[in-house]
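Survey of secondary and tertiary structure
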Amino acid sequence: MLFMLMATDADNSHEARMQARPKHLARLEELKAQNRLVLAGPNPLPEDDSHFSGSLIVAEFDSLDEAQAWAEQDPYVDAGVFEEILIRPFKKILPND
């Protein structure tokens, strides 16, 4: 099943984000290699697109518990980048590729 992981960044977490980014991206590459990643990316600030307010990931997990466990192990969590993560089932309608 697909799940949406919508994370909100903590205040003043930009430097921590940049330091943890390579490990965060490596985990996303693992999902991609397993054909489980639909999309992933940060939410840029409107006034400065080099800084972010959070991230969105849509990926395949067997259960909500698995999605939660995966999210909790993200390097951004360990680095204090994410203040909270909202996880919900996601149903992809379009594009239908």
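A brief structural summary. (Residues numbered from 1 in each chain as written. Predicted model: local features only at pLDDT ≥ 70, side-chain atom pairs only at ≥ 80, totals over all residues. Heavy atoms only, no water.)

Overview of the packing of aromatic side chains
This structure, assessed with the given rule, holds 2 aromatic pairs. The interplanar angle of 50 degrees and the centroid separation of 5.7 Å between the aromatic rings of Phe61 and Trp70 together place this pair among those described as tilted. Pairing Tyr76 with Phe82 gives two aromatic rings, centres 5.3 Å apart and planes at 85 degrees, and the pair type is edge-to-face. There is no split in this pair, since Tyr76 and Phe82 are both buried. (Phe/Tyr/Trp six-rings, centres within 6.5 Å; stacked < 30°, edge-to-face > 60°. Buried < 20%, exposed > 50% of the residue type's maximum accessible area, 1.4 Å probe, protein only.)

Some words on the sheet that holds strand β4 (residues 82–90)
Pairing is antiparallel across the open sheet formed by 4 strands, whose spatial order is β2-β3-β1-β4. Each edge of the open sheet carries a strand with a single partner, namely β2 (37–45) and β4. Each adjacent strand pair in this sheet contributes to an overall mean axis angle of 20 degrees, direction not counted. Summarising the sheet, β2 and strand β3 (residues 48–60) pair through 8 bridges and their orientation is antiparallel. Across the sheet, Leu39 pairs through a bridge with Val58, a residue of β3. Packing of helix α1 (residues 14–33) onto the sheet brings it into contact with β1 (2–9), β2, β3 and β4, and relative to β3 it is tilted by some 25 degrees. (Pairing = 2+ DSSP bridges. Helix = DSSP H or I, 4+ residues; strand = E, 2+ residues; numbered from the N terminus. Axes fitted to C-alpha atoms, helices over the stretch in contact; angles between N-to-C directions. Contact = heavy atoms within 4.5 Å.)

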